[in-house]
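Letter by letter, the chains look like this.
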Amino acid sequence: MKIAVFGAAGMVGRRVVAEALARGHSLTAVTRDPDRAAPFPEAVALCRGDATAPEEVAAIAARQDLVIAATRPREGREAELVAAARGLLEGAARSATRLILVGGAGSLTAPGGKTLLVDDPRFVPAAWRPIALAGCRQLELCLAERRA
C-alpha cells in the first residue's frame, strides 16, 4: 500500500512511518520543511507539503492509497491544528483518498463519565490545555464533516 504521512517528522508521525515500513508499505513522509527534518530511512520518499493547503494535500494524496495525518502545531499556535484538519479533510475528499487523522485524548470522558479529560486537571495540566482544546475542536470538525 502507498501511504503518505503528514507530520512525519514529529513524534507520532515518525512512529507511524516506522510501523508502516516494518509492515512493508511504500511511504512518503510529508513535512513543511524537509531540509529541517531528521533523516528518514532510505526507503522513505520525502515530500514538502502544507496540511492547511487543500490543493497540496489533494495533489499528494492523489498518488497514494492512504493518507495518515499526525500533525501538531508548536506551542502558542494551537489553532493551526484545526486549520490543518480542515485542509487535510478537504484535500483527501478532492482526491478520493482515505484519510486517517490522529487526534488527541482531550475529548475522552474522564473516569466517572461526567467530565472530559480536557476539563480535568488530573489528566490535562494547565500547560497542555490549549493543545487539548484544539484537539477537541479538531474532533468536532471531523464529526461535522462526517455528517455533511
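So, here is what we can say about the structure in this document. Small disclaimer: the values here were computed from a predicted structure and weren't measured. (Residues numbered from 1 in each chain as written. Predicted model: local features only at pLDDT ≥ 70, side-chain atom pairs only at ≥ 80, totals over all residues. Heavy atoms only, no water.)

### Section: the sheet that holds strand 1 (residues 2–6)
What counts, and what does not: Pairing between strands requires that DSSP locate at least two bridges from one strand to the other. Counting from the N terminus, the helices are the DSSP runs of H or I reaching at least four residues and the strands are the DSSP runs of E reaching at least two. Comment: axis = line fitted to C-alpha atoms, over the contacting stretch for helices; angle = value between 0 and 180 degrees taken between N-to-C directions. Whether two residues are in contact is decided by their heavy atoms: any pair within 4.5 Å suffices.
Pairing is parallel in the open sheet, where five strands are placed in the order 3-2-1-4-5. Two strands lie at the open edges of the sheet, namely strand 3 (45–48) and strand 5 (98–101), each paired on one side alone. Neighbour-to-neighbour, the strand axes of this sheet turn through a mean angle of 25°, independent of strand direction. Of the strand pairs in this sheet, strand 1 and strand 2 (residues 26–31) are connected by five bridges, and their pairing is parallel. Across the sheet, A4 pairs through a bridge with T28, a residue of strand 2. Together, strand 1, strand 2 and strand 4 (66–69) form the strand contacts of helix 1 (residues 11–22), whose direction differs from that of strand 1 by roughly 170°. Seen against the sheet, helix 2 (residues 54–61) touches strand 1, strand 2, strand 3 and strand 4 and runs at an angle of roughly 155° to strand 1.

### Thoughts on the pattern of salt bridges
Under the convention used in this document: Take a side-chain nitrogen of Lys or Arg and a carboxyl oxygen of Asp or Glu: if they are within 4 Å of each other, that pair is a salt bridge. Note on exposure labels: buried denotes an accessible area under 20% of the residue type's maximum, exposed denotes more than 50%, and partly exposed covers the range between, all computed with a 1.4 Å probe on protein chains only.
With the rule as written, the count across this model stands at eight salt bridges. Two residues, D33 and R48, come together in a salt bridge whose shortest N-O distance is 3.9 Å. Here D33, found in the loop between strand 2 and strand 3, pairs with R48, found in strand 3; they are 15 residues apart in sequence, far enough to count as distant. Given the relative accessible area of 28%, D33 is considered partly exposed.

### Let's talk about the layout of surface pockets
This is how it is decided: Buried and open spaces are told apart on a 1 Å grid over the protein atoms alone, a cavity being a set of points where a 1.4 Å probe fits but cannot get out and a pocket being an open set with protein on both sides within 12 Å along at least five of seven lines. Residues with an atom within 4 Å of a point are the lining residues. Grid points are joined across faces, edges and corners, and a volume is the space filled by probe spheres set on the points. In this classification, Asp, Glu, Lys and Arg are treated as charged, Ala, Val, Leu, Ile, Met, Phe, Trp, Tyr, Cys and Pro as nonpolar, and every other residue, Gly included, as polar.
Estimates place the volume of the largest pocket at around 1100 Å³. The wall of the largest pocket is formed by 38 residues, among which A70, T71, R72, P73 and L81 lie closest to the centre. For the lining of the largest pocket, the element with the highest residue contribution is helix 4 (residues 129–147), accounting for four residues. Its residues assigned to classes, the lining of the largest pocket shows 19 nonpolar, twelve polar and seven charged.

### Focus: the environment of R74
Among the secondary structure elements, R74 is positioned in the loop between strand 4 and helix 3 (80–95). Judged by relative accessible area, which is 45%, R74 ranks as partly exposed. Once the C-alpha coordinates of R74 and A127 are considered, the two residues, 53 residues apart in sequence, prove to be 13 Å apart.

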